[in-house]
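Listed below, chain by chain, are the residues.
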Amino acid sequence: MTGTVTHDPPPGAAGRQGGPLILTEDADLLDDLLRLCAAAGATPEVHHTVPERGGCWEAAPLVLVGDDAARRVRGAARRRGVVLVGRDQDDPGVWRRAVEIGADHVLVLPDGEQWLVDRIADVAEGVGRPALTVGVIGGRGGAGASTTACALAVTAAREGQRTLLVDADPLGGGLDVLLGGESAEGLRWPAFAASRGRVGGGALEESLPKLHSLRVLSWDRGDRVTVPPQAVRAVLAAARRRGGAVVVDLPRRVDEGVAEVLAQLNVGLLVVPAELRAVAAASRVASAVGMVLRDLRVAVRGPYAPGLDDREVARLLGLPLMGEVPVESGLRRVGEGRTPPGAAARGPLARFCTAFWERALAEAGTA
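Fair warning: this is a prediction, and the values are worked out from it, not measured in the lab. Starting afresh in each chain, residues are numbered from 1 along the sequence in its written order. Local features in a predicted model are, by the rule used here, given only for residues with pLDDT of at least 70; side-chain atom pairs are given and counted only at 80 or more, and totals for whole chains, interfaces and linings are based on all residues. Hydrogens and water molecules were not included; the side-chain quantities draw on all heavy atoms of the structure.

Asks: Now, about the confidence of the model for the protein: what can you tell me, with residues and values included?
Replies: Per-residue confidence for the protein averages 88 on the pLDDT scale, and 90% of its residues sit at or above 70. Scored below 50 in pLDDT, residues 2-16 makes 36 contacts in the model with residues more than four places away or belonging to other chains. What pLDDT conveys is the predictor's confidence in a given residue, as a value from 0 to 100. Whether two residues are in contact is decided by their heavy atoms: any pair within 4.5 Å suffices. Low pLDDT (under 50) marks residues 332-336, which in the prediction has five contacts with non-local residues, meaning those over four places away or in another chain.

In structure tokens form, the structure reads like this:
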């Protein structure tokens with residue numbers, strides 16, 4: 001059981017890392033709280049009553065008060081971010097004690113364990129504004145969606161954004177290969193197949209290959225081609241909590257795992273070659289994706305078939321036009337040691353990506 005008295009977080013908690021303060025003399029309750037802190041990747045400070053030194057009562061991002069300690073906390077200065085934790089679900093007095101100490105949440109174990117792990121992990125990671133998350137999908141095979149996704153990620157990293165590039169297409173050959181990092185150390189998607197609940201954002205970031213100043217979550221060359229939807233949800237949520245930019249290369253189908261990704265995107269970019277057959281194929285893709293993703297836009301690639309331009313392609317698809325994705329002639333084939341797409345800061349592809357991020361960030365209010 002959990003219950004809320006107020007919803008405000010403690011002042012300044014966003015963006016600040018730190019562990020909670022635990023106040024209790026109940027040994028069994030303390031064992032449980034220490035276990036939950038460990039699960040959240042946080043190191044708490046433990047006291048029997050309100051500490052007198054150092055002002056950690058005021059400074060802690062989260063205070064967990066055992067029900068046994070409520071009486072000893074009554075005289076403490078009021079602050080936000082106080083959780084009263086107990087075990088007796090049938091004790092109506094817990095709400096009165098919560099009001100007396102100014103707690104903004106009441107939690108009874110074991111029912112509220114997952115909520116508490118999430119709350120502890122939030123303060124330990126210093127959760128702030130979530131990442132601007134962009135999905136890129138091809139209107140037809142060979143449209144250049146993977147190249148565009150890589151270029152967007154490379155551009156964001158070059159401009160100082162914390163950036164994660166996610167390969168959501170297990171049959172695409174691997175974005176680490178496209179970036180020339182197939183042998184780079186780090187985890188790939190199969191390692192996260194058993195993930196459930198909450199994945200630590202910091203731990204995820206540190207576990208992935210670092211290529212061209214960004215982190216990459218790709219597929220290995222093994223036989224696994226699916227990851228359970230719960231794992232996809234947990235991993236992408238962890239990536240978004242770190243802030244910055246997350247770019248996802250999407251397949252041209254919508255299964256349960258892809259639907260989990262689409263649900264967490266801020267904007268989708270449909271890359272469509274300017275030819276009638278590609279527009280027809282892209283219309284079907286847009287229809288499927290649009291059932292989950294509200295903000296889907298089109299980026300058009302030339303050369304143009306007779307009678308088509310970028311505005312006409314967008315009109316035929318009924319989607320907002322994001323611009324024209326230029327073809328960058330300097331890109332060499334995979335395996336030739338080339339620089340990644342978008343690496344040439346003054347190249348046409350990088351200029352498109354820079355304009356995209358400027359517009360997306362302005363619309364998101366983060367510019």
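Asks: Describe the nonpolar core, with residues and values.
Replies: As used in this record, nonpolar core signifies buried Ala, Val, Leu, Ile, Met, Phe, Trp, Tyr and Cys residues forming a set joined through side-chain atoms within 4.5 Å. Buried residues are those whose accessible area, probed at 1.4 Å on protein chains only, stays under 20% of the maximum for their type, while exposed residues exceed 50% and partly exposed ones sit between those limits. Among the nonpolar cores identified, the biggest contains 45 residues, and Val248, Leu250, Leu270, Val272, Val313 and Leu317 are the most heavily contacted of them. For the purposes of this entry, the term helix denotes a DSSP run of H or I that reaches at least four residues, the term strand denotes a run of E that reaches at least two, and both are numbered from the N terminus. Looking at which element gives the most residues to this core, the answer is helix α9 (residues 229-241), with seven residues. The residues touching valine 272, leaving out its near neighbours within four places in the chain, are Gly139, Ala278, Val279, Ala282, Val298, Ala299, Val300, Arg301, Val313 and Leu317. Ranked by size, the runner-up nonpolar core spans 35 residues in total, among them Val134, Ala245, Val271 and Phe356.

Asks: Describe the pattern of salt bridges, listing the residues and the values that go with them.
Replies: Just to be clear on terms, a salt bridge is a Lys or Arg side-chain nitrogen sitting within 4 Å of an Asp or Glu carboxyl oxygen. All told, the structure shown has 21 salt bridges when counted by the stated rule. Here aspartate 68 ties to arginine 72 by a salt bridge, and the two come within 3.4 Å at their closest N and O atoms. The network of salt bridges with shared partners includes Asp32, Arg35, Arg87 and Glu113.

Asks: Give me the lowdown on empty space enclosed by the protein, citing residues and values where you can.
Replies: The rule is simple: put a 1 Å grid over the protein atoms alone, call a set of points where a 1.4 Å probe fits but cannot get out a cavity, call an open set with protein on both sides within 12 Å along at least five of seven lines a pocket, and count a residue as lining if it has an atom within 4 Å of a point. Grid points are joined across faces, edges and corners, and a volume is the space filled by probe spheres set on the points. One pass over the structure, following the stated rule, counts two cavities of 30 Å³ or more. Here the largest cavity is characterised by a volume of approximately 90 Å³. Taken together, 13 residues form the lining of the largest cavity, with Arg162, Leu164, Glu205, Ala239 and Arg242 sitting closest to its centre. Mapped onto the lining of the largest cavity, the elements with two or more residues apiece are β8 (163-167), α8 (201-207) and β11 (245-250). Ranked by residue count, the leading element in the lining of the largest cavity is α8, at three residues. Looking at the lining of the largest cavity residue by residue, the class counts come to six nonpolar, three polar and four charged. When its volume is computed, the second largest cavity comes out at roughly 40 Å³. Lining the second largest cavity are Leu164, Val166, Trp189, Leu217, Val232, Val235, Leu236, Ala239 and Val261. Here the element with the most residues in the lining of the second largest cavity is α9; it accounts for four residues. Under the scheme applied, nonpolar residues are Ala, Val, Leu, Ile, Met, Phe, Trp, Tyr, Cys and Pro; charged residues are Asp, Glu, Lys and Arg; polar residues are all the others, including Gly.

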